[in-house]
Each structure stands twice: as C-alpha cells, then as structure tokens.
Amino acid sequence: MSNTTSQLILRKADIAETPLIWNILQDAIEQRRQDGSTQWQDGYPNELTVQNDIKNGYGYVLTENETILCYAAIIFDIEPAYEEIQGKWLTDGDYAVIHRVAVAKSTKGKGIATKLFENIEDLCLKQNIYSIKVDTNFDNVPMLKILDRLNYTYCGEVFFRGAARKAFEKKLV
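Residues numbered from 1 in each chain as written. Predicted model: local features only at pLDDT ≥ 70, side-chain atom pairs only at ≥ 80, totals over all residues. Heavy atoms only, no water.

Asker: So what's going on with the pairing of strand E7 (residues 153–160)? Residues and values would help.
Answerer: Inspection of the sheet shows strand E4 (residues 86–87) paired to E7 by 2 bridges, in the antiparallel sense. Bridge pairing links glutamine 86 to glutamate 157 in E7. Here E7 runs beside strand E8 (residues 163–171); their pairing, made up of 7 bridges, is antiparallel. Its bridge partner being in E8, threonine 153 is matched across the sheet by glutamate 169. (Pairing = 2+ DSSP bridges. Helix = DSSP H or I, 4+ residues; strand = E, 2+ residues; numbered from the N terminus.)

Below, the structure written as structure tokens:
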C-alpha cells in the first residue's frame, strides 16, 4: 500500500453505471430487510428509479480510485412531499434534497456514508445552497445515527407513498 492518500470524489453518475449502482442498492434493500425495516421493501427503489435519477441529473456516486463506494440522489429542486410537513423546517429558502443513499457492501462500517454527506455539503456550498433536507424511515437506525452525528435537526414528519417519514434539515451557514 502506498503512502499517497486516495481521494474521494463525488460526481454525477453515468447511465452506463446503472447496473453497478443497482447492485449497491439491492444490497442496501436486503440490509434494510435483514434489519427488520419496512423501508424499501415494496419494489422501490428499482433499476428504473436509478436510470431516471441519472437522466434527470440527480444520480451521484462517491468514488475512490474510480471505484463506486456509494450512491445518492441529490436534487436541487422542490421536493413536493416536503411542502406538507407535520412540523416546521428550519428554513424556507432553496435547499438540496438527498434521497436513496446506498453504500457498497464492501465499504460498510467505514464511515463512507458520513463522507458522502460531507461531500454533498461541499457541493451545496459551491452552488450557493445553504440547506439540506432529508427524510428517512423511523426504523433506519444507521441513517438516523449519521444524521445525528452530522448535526441534522429533526423537523417533523413528511409522507411518501402513504407512509410517515422522519424529516431532518441542516443549515450549512
């Protein structure tokens, strides 16, 4: 192993990477199932979701030496479900939304999801976006821990496909 530290790079996913990303998501779906979670157990997200993310410019990957470590949809637009929060957001201005975070099985437990969120914060600041909003299932303990560690604020509940989700926001400045 050389002494040069490899760099993590957050970039837009390429449509040709869909099968690879879908494999990472399938592992995450299975992990949620093994953890006893109801999240992602209803056929969503699926391979078409990934293709649509990438076509819409939402699909991002965090890579190290060209290897995809994790995937997320990062949306710099209004999330309609967030308009109807039971609770209150911290801010009313522009924000980024993070959906469909999935980490490759080979990197589990190495803090890669935390690094992903840190890279997303940098991306937002470069685009003059000073708020990130995210939601997760009540029983997604790993994600809840990440949001807590990165000082996201619990703001209330939002609803997706008929189910309540915990909603969080982080102000970046």
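So that's the structure; there's more coming.
Asker: Run through a nonpolar patch on the surface, naming residues and quoting values.
Answerer: A cluster of nonpolar residues, Leu125, Tyr130 and Val173, forms a patch on the protein surface that exposes about 290 Å² of accessible area. Looking at the secondary structure, you find tyrosine 130 in the loop between helix H3 (112–126) and strand E6 (131–136). (Patch = residues over 30% accessible without salt bridge, like charges linked within 9 Å, V, L, I, M, F, W, Y side chains within 5 Å. Areas by Shrake-Rupley, 256 points an atom, 1.4 Å probe, with all protein chains shown as cover. Salt bridge = Lys/Arg side-chain N within 4 Å of Asp/Glu carboxyl O.)

Asker: So, unusual backbone geometry: which residues are in play, and what are the values?
Answerer: The residue after tyrosine 44, namely proline 45, is reached through a cis peptide bond having omega -5 degrees. Within the fold, proline 45 resides in the loop between helix H1 (18–34) and helix H2 (47–55). Its identity as a non-glycine residue notwithstanding, asparagine 65 has a phi of 50 degrees, on the positive side. Tracing the sequence through the fold places asparagine 65 in the loop between strand E2 (59–64) and strand E3 (67–75). For asparagine 151, which is not glycine, the phi dihedral falls at a positive 65 degrees.

Asker: So what about the packing of H3 against helix H4 (residues 141–149)? Which residues, and what values?
Answerer: The interhelical angle for the contact between H3 and H4, taken along N-to-C directions, is 50 degrees, at an axis separation of 10 Å. Here H3 lies oblique to H4, going by the angle between them. Along this stretch, H3 crosses H4, giving a crossing that reads as right-handed. Where H3 approaches H4, its residues Ala113, Thr114 and Phe117 are matched on the opposing element by Met143, Ile146, Leu147 and Arg149. Residue composition of the contact of H3 with H4, grouped by class: 5 nonpolar, 1 polar and 1 charged. (Axes fitted to C-alpha atoms, helices over the stretch in contact; angles between N-to-C directions. Parallel < 35°, antiparallel > 145°, perpendicular 65-115°, else oblique. Left-handed = near helix turned anticlockwise from the far one by under 90°. Contact = heavy atoms within 4.5 Å. Nonpolar A, V, L, I, M, F, W, Y, C, P; charged D, E, K, R; others polar.)

Asker: Would you mind going over the nonpolar core in detail, with residue names and values included?
Answerer: In this structure, Leu10, Ile98, Leu116, Phe117, Ile120 and Tyr152 are the most contacted members of the largest nonpolar core, which totals 29 residues. Put simply, the parts of the chain that give this core at least two residues each are E2, E3, strand E5 (96–103), H3, E6 and H4. Residue contributions to this core peak at 7 residues, all from H3. Counting 16 residues, the second-largest nonpolar core is a separate cluster that includes Ala13, Ile21, Ala28 and Ala102. (Core = buried A, V, L, I, M, F, W, Y, C linked by side-chain atoms within 4.5 Å. Buried < 20%, exposed > 50% of the residue type's maximum accessible area, 1.4 Å probe, protein only.)

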